[in-house]
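Residue-level structure breakdown
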Amino acid sequence: MPSRSAVPDGKRPTLSDLAARAGVSVPLASMVMRGAKGPSAASRERVLRAAQEIGYRPDSRARLLRSSRSHLVGVQFDLRQPFHADMVEALYAAAGAAGYQIALSAVAASRSEQEAVETLLDDRCEALILLSPHAPVARLAELAAQLPVVSVARRLRPLTDGVDVVRAADDEGARQAVDHLVALGHHDIVHIDGGRAPGAADRRRGYKSAMKDHGLTDRVRLVPGGLTEDHGAAAARTLLAEAARPTAVLAFNDHCAIGVLDTFLRARIPVPDEISVVGFDDSHLARLAHVQLTTVGQEARQLARRAVSRAVARLEGEAADDEREVVVTPHLVIRSTTRAPCRS
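Residues numbered from 1 in each chain as written. Predicted model: local features only at pLDDT ≥ 70, side-chain atom pairs only at ≥ 80, totals over all residues. Heavy atoms only, no water.

1. Details of the sheet that holds strand E9 (residues 276-281)
Spatially, six strands are ordered E7-E6-E8-E9-E10-E12 in an open sheet, and the strand pairing comes out mixed. With one partner strand each, in any of the chains shown, strand E7 (221-223) and strand E12 (331-333) form the two edges of the open sheet. Taken pair by pair, the neighbouring strands of this sheet meet at an average axis angle of 25 degrees, ignoring direction. Sitting on the sheet, helix H8 (residues 170-184) is in contact with strand E6 (189-192), strand E8 (248-250), E9, strand E10 (294-297) and E12, with an inclination near 160 degrees to E9. (Pairing = 2+ DSSP bridges. Helix = DSSP H or I, 4+ residues; strand = E, 2+ residues; numbered from the N terminus. Axes fitted to C-alpha atoms, helices over the stretch in contact; angles between N-to-C directions. Contact = heavy atoms within 4.5 Å.)

This is how it looks when you write it as structure tokens:
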């Protein structure tokens, strides 16, 4: 039997190398590695042991190219969004349970959504799951004409043919945050706005509506913000420059809220003793021991399950058009950045 050194250094072991190492035919080695029925228990054990010894791994991409289907679901995500990391983890689990694999393509400061999507199309993905896409509706419609598309965390009005939507009820989430703060005794509640970001309009509307319902219309105030820590820090500096500060802040998302917390900390403004802060997403940042941010949870695992379910249903021809928009109710997660105000 050949030794491991029979495989040239730096060369990836091939199926032929594996068969030679195990002392079996190439077709038999292939059947074992594919998990096909037929090989005896002894042959299976011999081949698997040989695979471990020489470091053989099946070339899944080559197998996909030989197949008429790829069983790949492409996921576009933004490297700058902590919540997207949580969603990706949940999507892997949901896709695996459905018998599909995930292909990732990132959006970054130097890489556009267009580039991210084109990479996924080149990888022969059968469906796309787009996390908080900014692309125009017309572009989403173009993609949906080619393959199933699921938009996550963005409301589409009107709904676009072929595009499924899975999102949290952002307005309800903002309402829950305001209800919590008012119940603690806060009246001066500022919302750091998300501008044109997906979900921002609904969160803005939910904040305003909740403030109105609590008789606080005259206290409604929006401060320009955005998606990032820098946006939150800039908004916090605006508030610190004012003589009369709010007693509570509802940030557009957790990343923005982290910028707020950091700026307040540097200015020696105690949170929550002087100002309470609420985020949105319940990303892994919010759960860090030294942060413990009160936030609105978007239910990442449920969003992921529903997104994969819609994509697979389209691929299998089982999708119902009356379920093209799935709205998941968020929930408030109370941690240590909110408390009753020292002043009202």
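2. Points about the confidence of the model for the protein
Counting all residues, the mean pLDDT for the protein is 90, and 92% of those residues have values of 70 or more. Every residue in residues 1-6 scores below 50 in pLDDT, and together they form eleven contacts with partners more than four places removed in sequence or on other chains. (pLDDT = per-residue confidence, 0-100.)

3. Describing the side chain of serine 105
Along the polypeptide, serine 105 turns up in strand E2 (residues 101-107). A polar side-chain atom of serine 105 sits 2.8 Å from the main-chain carbonyl oxygen of alanine 116. With residues up to four places along the chain from it excluded, the contact list for serine 105 reads Val75, Gln76, Phe77, Arg111, Ala116, Thr119 and Leu120. (Polar contact = N/O pair within 3.5 Å; in protein donor to acceptor, adjacent residues only side chain to side chain.)

4. Remarks on the packing of helix H10 (residues 229-240) against helix H11 (residues 254-266)
Taken N-terminus to C-terminus, the directions of H10 and H11 make an angle of 45 degrees; their axes are 6 Å apart at the nearest point. By the angle class used here, H10 and H11 are oblique. Classified by chirality, the crossing of H11 by H10 is right-handed. Contacts from Glu229, Gly232, Ala233, Ala236, Arg237, Leu239 and Leu240 in H10 reach His255, Cys256, Ile258, Gly259, Val260, Thr263 and Phe264 in H11. Its residues assigned to classes, the contact of H10 with H11 shows eight nonpolar, four polar and two charged. (Parallel < 35°, antiparallel > 145°, perpendicular 65-115°, else oblique. Left-handed = near helix turned anticlockwise from the far one by under 90°. Nonpolar A, V, L, I, M, F, W, Y, C, P; charged D, E, K, R; others polar.)

5. Focus: the domain arrangement of the protein
Assigned domains within the protein: domain 1 (15-65), domain 2 (72-168 + 299-328) and domain 3 (170-298). Computed over C-alpha atoms, the centres of domain 1 and domain 3 are 56 Å apart. (Domains from an automatic or database assignment.)

6. Considerations on the pattern of salt bridges
Pairs can form between side chains of opposite charge once their charged atoms are near each other. Under the definition given, this model contains 24 salt bridges. We note a salt bridge from arginine 203 to aspartate 170, for which the minimum N-O separation is 2.9 Å. In this pair, arginine 203 is assigned in helix H9 (residues 200-213) and aspartate 170 in helix H8, connecting sequence segments 33 residues apart. Of the two residues, arginine 203 and aspartate 170, neither departs from the other in class, the shared state being buried. For arginine 287, the salt bridge goes to aspartate 282, with nearest N and O atoms at 3.8 Å. Looking at aspartate 282, the relative accessible area reads 15%, which means it is buried. (Salt bridge = Lys/Arg side-chain N within 4 Å of Asp/Glu carboxyl O. Buried < 20%, exposed > 50% of the residue type's maximum accessible area, 1.4 Å probe, protein only.)

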